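Coordinate analysis (summary)
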Amino acid sequence: MKWSLASASWRFGKLSGAGPLRGRRFFSVMGAGSFSGKMNMKNFKGVACVAMIGAAGLLLGACESKNDPITKAEKTDAKAGKSVPGIEETKAIAEAGFIYGLPIVMNYAVMYEYAVDRDSGQFKAPFNEILNEARVFTYKDTAIVTPNSDTPYSLLWADLRAEPIVLSVPAVEKSRYYSVMMCDGNTFNYGYIGSRATGNEPGDYMVAGPDWQGETPPGIKQVFRSSTQFSLIAYRTQLIDAADMPNVVKVQSGYKAQPLSAYLKKPAPPASPKIDFPKANADLVKKNFFEYLDFALQFAPAGPEEKEIRAKLASIGIGAGKTFEFKDLSLEHKAAILLAMKEGETKVEKYLAEGQKNINGWKVGSLFGDRAFYNGNWLKRAAAAKGGIYGNNAVEAMYPLTTTLANGEELDGSKHNYTLTFAADQLPPVNAFWSVTMYDGKTQLLIENPIGRYLINSPMIPSMKKGADGSLTLYIQNASPGKDKESNWLPAPKGPIYVVMRLYWPKAEPPSILPPGEGTWKPPAIKVAS
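Note that the structure is a prediction, hence the values are computed from the model and not measured.

1. Things to note about the sheet that holds strand 1 (residues 130-132)
Spatial strand order, 1-2-8-4-5: five strands in an open sheet with antiparallel pairing. Each edge of the open sheet carries a strand with a single partner, namely strand 1 and strand 5 (189-194). For this sheet, the mean inter-axis angle between neighbouring strands, taken without regard to orientation, is 15°. When strand 4 (residues 178-184) meets strand 8 (residues 230-237), the two strands line up antiparallel, connected through seven bridges. Looking at strand 8, one finds that S179 is bridged to R236. In this fold helix 4 (residues 245-252) packs onto strand 1, strand 2 (153-159) and strand 8, with an angle of close to 145° to the strand it touches most, strand 8.

2. A few points about the sheet that holds strand 18 (residues 489-491)
What the four strands build is an open sheet, ordered 18-17-14-20; its pairing is mixed. Of all the strands in the sheet, the pair left with one neighbour each is strand 18 and strand 20 (526-528). Across this sheet, the average inter-strand angle for adjacent strands is 30°, counted without regard to direction. Of the strand pairs in this sheet, strand 14 (residues 418-422) and strand 17 (residues 472-477) are connected by five bridges, and their pairing is antiparallel. Paired with T419 across the bridge in strand 17 is Y475.

3. As for the nonpolar core
Ranked by internal contacts, the top residues of the largest apolar core, which has 78 residues, are Y108, W157, F277, F290, L293, I337 and Y390. Sort the elements by how many residues they give to this core and helix 3 (residues 87-116) lands first, with 16 residues. With 33 residues, the next largest nonpolar core counts L411, M438, L472 and I497 among its residues.

Rules and cut-offs
Residues numbered from 1 in each chain as written. Predicted model: local features only at pLDDT ≥ 70, side-chain atom pairs only at ≥ 80, totals over all residues. Heavy atoms only, no water. Pairing = 2+ DSSP bridges. Helix = DSSP H or I, 4+ residues; strand = E, 2+ residues; numbered from the N terminus. Axes fitted to C-alpha atoms, helices over the stretch in contact; angles between N-to-C directions. Contact = heavy atoms within 4.5 Å. Core = buried A, V, L, I, M, F, W, Y, C linked by side-chain atoms within 4.5 Å. Buried < 20%, exposed > 50% of the residue type's maximum accessible area, 1.4 Å probe, protein only.

Encoded structure:
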């Protein structure tokens, strides 16, 4: 599965993972690869009959199961005197449900691999335990797409059902950036601890689930409230260079998590019921996206802005406590659901392409935030997850990304060598640091290369060569630009190129990339090398 944590992408053919954290192929309803490709109906027995819907829709009615989830929901609505959605309305609801549910299902699949399935190959730690990664991501890391290779991660999946947890952070030197991002099962970024948000002083903070009621205990600096019972806590700790890793490890060792009862030195409350988590893998999710949504929603009480979409989904048999079995649907409903998901994916891709500002070929915008930020805009939330699930809020980090030149021509390392030049006074304006990371344009993963370099970042500048005018040029190409230029070489794949710039803790005062897409600082265009 491929996802993205804080940087840039989830393709419907894969779990991609930040903006964003972002491998093997995950699922594509229409077959292998991206959902935007041609429809491949072979994966679903009998769906070849879809071609006959227009001419023989009435005949398909004879194939219906009387106990499929949509039919059951129709009977319930009819009995209650509610209007029953027709096939077109069913398709429209499923499309909206796919857009609404995409981040939720993506998040569940990551959680399953990282905190539930010890044999997943990507398992990190059980719930409520921190895993510190004393390394940065490389091409061997394939669970998250467009992974951040700047900051070693510490990851904690919190189970908040029984009681809150207390997060303790150590004193961190002011010259080192760190952040603790809290992202719940709705992919709402509901809180931050760290250099920007709370400073570099030590402190204790509490994370509570949606049902917790109580007073803020003494010693707790701030309480953060997750909208779901399970939540990801993602720590990013800046690594200056390879020799700095022992210092990062020292900071990581100061990250602590414990149940509130342990923090207060009181008896623990009764344990929460054991959960039979449904296995998430490529084949299973491909067969029944909405069954995973059913499962995840039971841990996510509906917010005010969710009641309408939840009610519509319930009218076609989708929701918490339900089981939407795709295999039980009639051929007509199968076709409607498949087409709905395809069209939903198309809308998400269009939003990613057009919903952000195009500046010199870079897509610049803000897709990540809390519940208030999205305010029921499920398309924006889905685009954020696909663009890079677990991405930071704009004030914490900005992620200009590109696959093209300024004129729209696709970047391709098999066809051209490229350069990216920052004028002497036009380096990315940040309070922390910036980086430019290279990914394979097809997989959105880091690429293996002869010098083991996946990015160029601001701490590397002292070892790089500058132009006579003080400008800094990066050489983006598959082969070495020559020994005299290798300090500035960002190795590229021999094929499609995907580049993500990261600005950690961007400056608010001009020149600034903020507000997103409207800032006074603009990323320079990538150009074909002369």
